[in-house]
Amino acid sequence: MQSKFPKNFLWGGAVAANQCEGAFDEDGKGLSVQDVLPRGLRGARTEAPTPDNLKLVGIDFYHRYKEDIRLFAEMGFKVFRTSIAWSRIFPNGDDEAPNEAGLAFYDSLFDECLKYGIQPLVTLSHYEPPLALAQKYDGWLDRRTISFFERFARTVFTRYKDKVKYWLTFNEINAILKAPFMCGAIQTDRERLTESQLYTAMHYQLVASAAVTKLCHELIPDAMVGCMILGVTVYPLTPSPDDVIKTMLRDRETYQFAHIHARGEYPSYLLRYFEKNDIHIDITDEDRAILKNTVDFISFSYYSSICESASENAAMTGGNLSKGFINPYLKSTEWGWQIDPQGLRYTLTKLYDLYGLPLFIVENGLGADDVLTDAEDGGKTVDDDYRIDYLNAHLVEVEKAIDDGIPVLGYTSWGCIDIVSASTAEMRKRYGYIYVDRNDDGSGSLRRYKKKSFSWYREVIRTNGESLER
Ligand code: BGP
């Protein structure tokens with residue numbers, strides 16, 4: 001069947017600095033909140049980095065990126081998504097001057113991408129704010145963090161304006177309500193935070209997102225800047241109207257963030273929610289004016305879907321930073337995330353129907369405990385047919401959305417190389433087309449091995465989707 005993917009479709013893969021670079025304190029880098037989260041969201045933060053924190057070394061991408069990007073080029077990547085670790089550039093977050101060694105690293109990284117014709121897609125903030133901001137200001141609870149973030153954005157926009165033409169502001173900006181320390185550098189414990197404080201921190205990030213969107217348009221006129229939303233796809237558990245209404249209300253927790261970035265203002269239902277729940281955010285007329293700087297596209301992460309129900313007596317499961325009821329029609333991954341390729345088409349369609357902006361899928365993938373086996377050529381590989389099936393099925397649904405007329409800019413599958421998981425801080429939850437020999441106990445050679453999905457994805461890109469199994 002003739003592929004429906006546009007000729008300029010941006011095929012690629014995605015990682016985040018804190019989950020792959022390692023070199024946590026090298027060349028002047030300051031600590032980030034990730035350096036004191038050895039168990040991701042599964043355990044408490046530590047006072048200081050501890051040896052069991054896999055992210056301190058990651059997969060040593062900081063020193064091995066040239067080898068990894070050559071492998072991405074071998075797959076034919078058109079785009080590579082990563083983040084700039086804020087604390088590599090401003091070690092304490094509020095520094096007056098940037099750290100030149102940090103800037104030089106990303107110069108070299110982006111040059112390596114462009115050498116192969118791979119476009120960098122850069123996330124400004126991917127769950128790795130400087131730890132010092134948490135310690136000194138309680139992170140995004142303090143309005144001054146907006147100006148620190150603007151300084152960081154201005155510095156990297158100016159430095160990389162000829163190399164990076166695709167930018168994302170905050171990774172999964174809706175997640176600050178779920179993980180205030182990891183996403184907002186807020187040291188105050190969640191249970192001690194008032195709703196007004198938490199939503200004010202959210203507001204400051206939204207203002208910062210719009211402010212840097214404006215800055216990007218001014219400094220790099222030929223660049224595109226998008227928001228990035230954690231795509232929580234929710235179905236009613238039953239056709240009971242109670243379940244449908246509960247799902248409708250739950251959906252707003254996700255779509256309100258896309259609304260603000262696409263329409264440039266708070267949706268009325270969110271303002272009503274604040275009123276009804278006595279939530280007071282620190283919003284000024286200047287903030288309202290800044291929010292009007294809307295994005296060029298909406299990007300999002302999609303892994304799974306969940307169900308919502310008004311009744312409590314049904315089996316629960318998890319998803320990407322989200323909990324819900326088990327959908328009896330779907331299978332789950334080892335981590336309980338329910339596999340639903342059609343949910344990706346559903347989410348693309350809903351986002352486009354609501355906001356009419358181009359879309360970019362910047363995370364999608366299957367976390368699995370891959371097993372390295374002997375390959376025919378005497379080397380090592382992973383027979384990850386399960387990952388090929390997952391990705392193939394999701395891409396077929398993306399194609400259906402494109403065929404419906406939805407403008408999808410690209411697809412960067414998550415964890416294109418094995419990296420440290422965000423929520424669990426494990427290596428064994430692997431997403432990559434490339435296996436990295438590193439284990440949860442920190443052992444391993446860090447050697448890279450191509451999985452079976454490596455050549456599968458190379459063929460999908462070479463044929464622009466023609467080779468997908470429909
Ligand atoms: C998203 C993050 C990514 C990535 C992904 C997979 O929330 O944007 O950083 O980690 O989730 O989740 P995990 O790594 O927990 O399996």
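The text that follows walks through the structure, step by step, so that each part is easy to find. (Residues numbered from 1 in each chain as written. Predicted model: local features only at pLDDT ≥ 70, side-chain atom pairs only at ≥ 80, totals over all residues. Heavy atoms only, no water.)

Moving on: the sheet that holds strand β11 (residues 359-363). Strand order around the closed barrel formed by eight strands is β1-β2-β3-β4-β5-β7-β11-β14, with parallel pairing between neighbours. Strand-to-strand twist across the sheet, computed as the mean angle between neighbouring axes with direction ignored, equals 25°. Contacting β4 (166-170), β5 (224-230) and β7 (297-301), helix α9 (residues 241-263) crosses the sheet at an angle of about 165° to β5. (Pairing = 2+ DSSP bridges. Helix = DSSP H or I, 4+ residues; strand = E, 2+ residues; numbered from the N terminus. Axes fitted to C-alpha atoms, helices over the stretch in contact; angles between N-to-C directions. Contact = heavy atoms within 4.5 Å.)

A word on the site of the ligand. Taken together, the neighbourhood of the ligand is formed by 15 residues, with Q19, E172, E363, S423 and Y431 sitting nearest. The separation between an oxygen atom of the ligand and a polar side-chain atom of E172 is 2.6 Å. At 2.7 Å from an oxygen atom of the ligand is found a main-chain nitrogen or oxygen belonging to A422. In the complex, 99% of the free accessible area of the ligand, which totals 380 Å², lies under the protein chains. A majority-of-atoms criterion places the ligand in the largest cavity. For the shell around the ligand, the class distribution of residues is six nonpolar, six polar and three charged. (Near = heavy atom within 4 Å. Polar contact = N/O pair within 3.5 Å; in protein donor to acceptor, adjacent residues only side chain to side chain. Areas by Shrake-Rupley, 256 points an atom, 1.4 Å probe, with all protein chains shown as cover. 1 Å grid on protein atoms, 1.4 Å probe; cavity = no way out; pocket = protein on both sides within 12 Å on 5 of 7 lines; lining within 4 Å. Sits in = over half its atoms within 2 Å of the grid points. Nonpolar A, V, L, I, M, F, W, Y, C, P; charged D, E, K, R; others polar.)

The subject of this paragraph is the environment of D222. Tracing the backbone through its elements, the reader meets D222 in the loop between α8 (195-219) and β5. By relative accessible area, which is 52% here, D222 ends up exposed. A sequence separation of 58 residues divides D222 from V164, and the C-alpha atoms of the two residues are 9.9 Å apart. (Buried < 20%, exposed > 50% of the residue type's maximum accessible area, 1.4 Å probe, protein only.)

Both the distance between ring centres and the angle between the ring planes are used here to describe each pair of aromatic rings. Scanning the entire structure with this criterion turns up 32 aromatic pairs. Judged by centre distance (4.7 Å) and plane angle (50°), the rings of F5 and W11 are tilted. Assessed through its relative accessible area of 1%, W11 is described here as buried. Judged by centre distance (4.7 Å) and plane angle (70°), the rings of F9 and W11 are edge-to-face. (Phe/Tyr/Trp six-rings, centres within 6.5 Å; stacked < 30°, edge-to-face > 60°.)

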